[in-house]
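Each chain, letter by letter, is given below.
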Amino acid sequence: MYTREEVKQQMLDYLDEKYGEEFDVLDVVYKDWSRNWEKLYAVPKGKGKEYEFMVYRFKDENGEIYYTDDYFIIAKKDEYSEYLKTIIDQYYDEYRFIFYFPWNIEGKTSLDQNISFDEFQKYADEHLVLCVQLFIKEDREDVAEAKLNQLYNHLSKDMSSVAISVFGFNDENYEKNILSKISELDYSIDDLEFKLEIDWDKEG
């Protein structure tokens, strides 16, 4: 049996061995009667909570400890954001967006932060679900919906799963709820004109 501090250190040692970077720990969830795993929340040193990722510590049927994490996804966040922006720019003029990839914790991978962007994009296209939240200055729902369909068709050509939500604001509320916010984590969907959603899973 290990103490909680030892478990936390083992997960940090795993990250150090795999990635060779420094991380700040945000929280640790320890094993108890309702779960047989531990989970550590962390961010790259000096980064904000929008770069949060998770490390899981499991024990297999033979009693061997193993780990899985999604830092390799977060490591490509900025590059992927720029890639998405070049696409969204083709359809919307004034907007902000958030994106994320829900992660399957059972999917162990040897991928790390050193893979090329092309390699990561191929992995994302084949294995991940892209979720995009668009915050736009537009009070005409029909205009926004036509653009959403075009954007969706563009993204879904290559990706196996895509989900997009669009939140439409008038000028005043777009300024108040989106543009005035310092972080994407502070965006508010109060005072919406409309909300649109579209998703598709090619495997489903």
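The rules behind these values
Residues numbered from 1 in each chain as written. Predicted model: local features only at pLDDT ≥ 70, side-chain atom pairs only at ≥ 80, totals over all residues. Heavy atoms only, no water. Phe/Tyr/Trp six-rings, centres within 6.5 Å; stacked < 30°, edge-to-face > 60°. Buried < 20%, exposed > 50% of the residue type's maximum accessible area, 1.4 Å probe, protein only. Lys NZ or Arg CZ within 6 Å of the ring centre and 35° of its normal. Patch = residues over 30% accessible without salt bridge, like charges linked within 9 Å, V, L, I, M, F, W, Y side chains within 5 Å. Areas by Shrake-Rupley, 256 points an atom, 1.4 Å probe, with all protein chains shown as cover. Salt bridge = Lys/Arg side-chain N within 4 Å of Asp/Glu carboxyl O. Lys, Arg positive; Asp, Glu negative; His and termini not counted. Charge placed at Lys NZ, Arg CZ, Asp CG, Glu CD. Helix = DSSP H or I, 4+ residues; strand = E, 2+ residues; numbered from the N terminus. Pairing = 2+ DSSP bridges. Axes fitted to C-alpha atoms, helices over the stretch in contact; angles between N-to-C directions. Arc of directions from axis to C-beta. Contact = heavy atoms within 4.5 Å. Polar contact = N/O pair within 3.5 Å; in protein donor to acceptor, adjacent residues only side chain to side chain. Expected span 1.5 Å × (residues − 1).

Caption draft 1: Main features of the packing of aromatic side chains. The tally for this structure, following the rule as stated, stands at 23 aromatic pairs. For the pair Tyr-95 and Phe-97, a centre-to-centre distance of 6.1 Å together with 40 degrees between the ring planes defines the contact as tilted. Take Tyr-95: its relative accessible area is 8%, and that puts it in the buried class. One aromatic cluster is present, built from ring pairs that chain together Tyr-80, Tyr-83, Tyr-95, Phe-97, Phe-99, Phe-101, Phe-117 and Phe-120. Above the face of the Tyr-51 ring, Lys-47 is positioned so that its terminal group lies 4.5 Å from the ring centre.

Caption draft 2: Expanded view of a negative patch on the surface. The grouping of Asp-13, Asp-16, Glu-17 and Glu-22 at the surface amounts to a negative patch. Of note, Glu-22 is situated in the loop between helix 1 (4–19) and strand 1 (23–29).

Caption draft 3: Structural view of the pairing of strand 4 (residues 65–69). The pairing of strand 3 (residues 53–59) with strand 4 spans five bridges and is antiparallel. Across the sheet, residue Tyr-56 finds its bridge partner in strand 4, namely Thr-68.

Caption draft 4: Region of the structure containing the sheet that holds strand 1. With antiparallel pairing, four strands are arranged side by side in an open sheet as 1-2-3-4. With partners counted over all chains shown, the strands left at the sheet margins are strand 1 and strand 4, one partner each. Across the sheet, the axes of successive neighbouring strands diverge by a mean angle of 25 degrees, strand direction being ignored. Pairing geometry for strand 1 and strand 2 (residues 38–44), over six bridges, is antiparallel. Along strand 2, the bridge assignment pairs Val-28 with Leu-40.

Caption draft 5: Here's a closer look at helix 6 (residues 171–179). Within helix 6, burial applies to Asn-173, Tyr-174, Asn-177 and Ile-178. Looking straight down helix 6, one finds its buried side chains confined to an arc of 105 degrees; they lie on one side. Residues of helix 6 that are exposed and angled more than 90 degrees away from the buried face: Asp-171 and Glu-172. Among the structural elements, strand 5 (95–100), strand 6 (129–137) and strand 7 (161–169) are those in contact with the buried residues of helix 6. Measuring from the side-chain oxygen of the N-cap residue of helix 6 to the backbone nitrogen of Glu-172 gives 3.3 Å; that N-cap residue is Asn-170.

Caption draft 6: Representation of helix 3 (residues 77–88) within the structure. For helix 3, which comprises twelve residues, the first-to-last C-alpha distance of 16 Å matches the rise-based estimate of 16 Å (1.5 Å per residue) to within 8%. Where helix 3 is concerned, the buried positions are Lys-77, Tyr-80, Leu-84, Ile-87 and Ile-88. Buried residues of helix 3, viewed axially, fall in a sector of 90 degrees; they line one side. Residues of helix 3 that are buried in the fold lie against helix 2 (71–74), strand 5, helix 4 (117–127), strand 6 and helix 5 (141–156).

Caption draft 7: Quick peek at the pattern of salt bridges. Counted according to the given criterion, the structure contains 14 salt bridges. One salt bridge in this structure joins Asp-24 and Lys-45, with 2.9 Å as the shortest N-O distance. Taken together, the residues Asp-24 in strand 1 and Lys-45 in the loop between strand 2 and strand 3 connect sequence positions 21 residues apart. A salt bridge links Asp-89 to Lys-85; the nearest nitrogen and oxygen atoms lie 3.0 Å apart. Take Asp-89: its relative accessible area is 38%, and that puts it in the partly exposed class. The exposure class assigned to Lys-85 is partly exposed, which follows from its relative accessible area of 36%.

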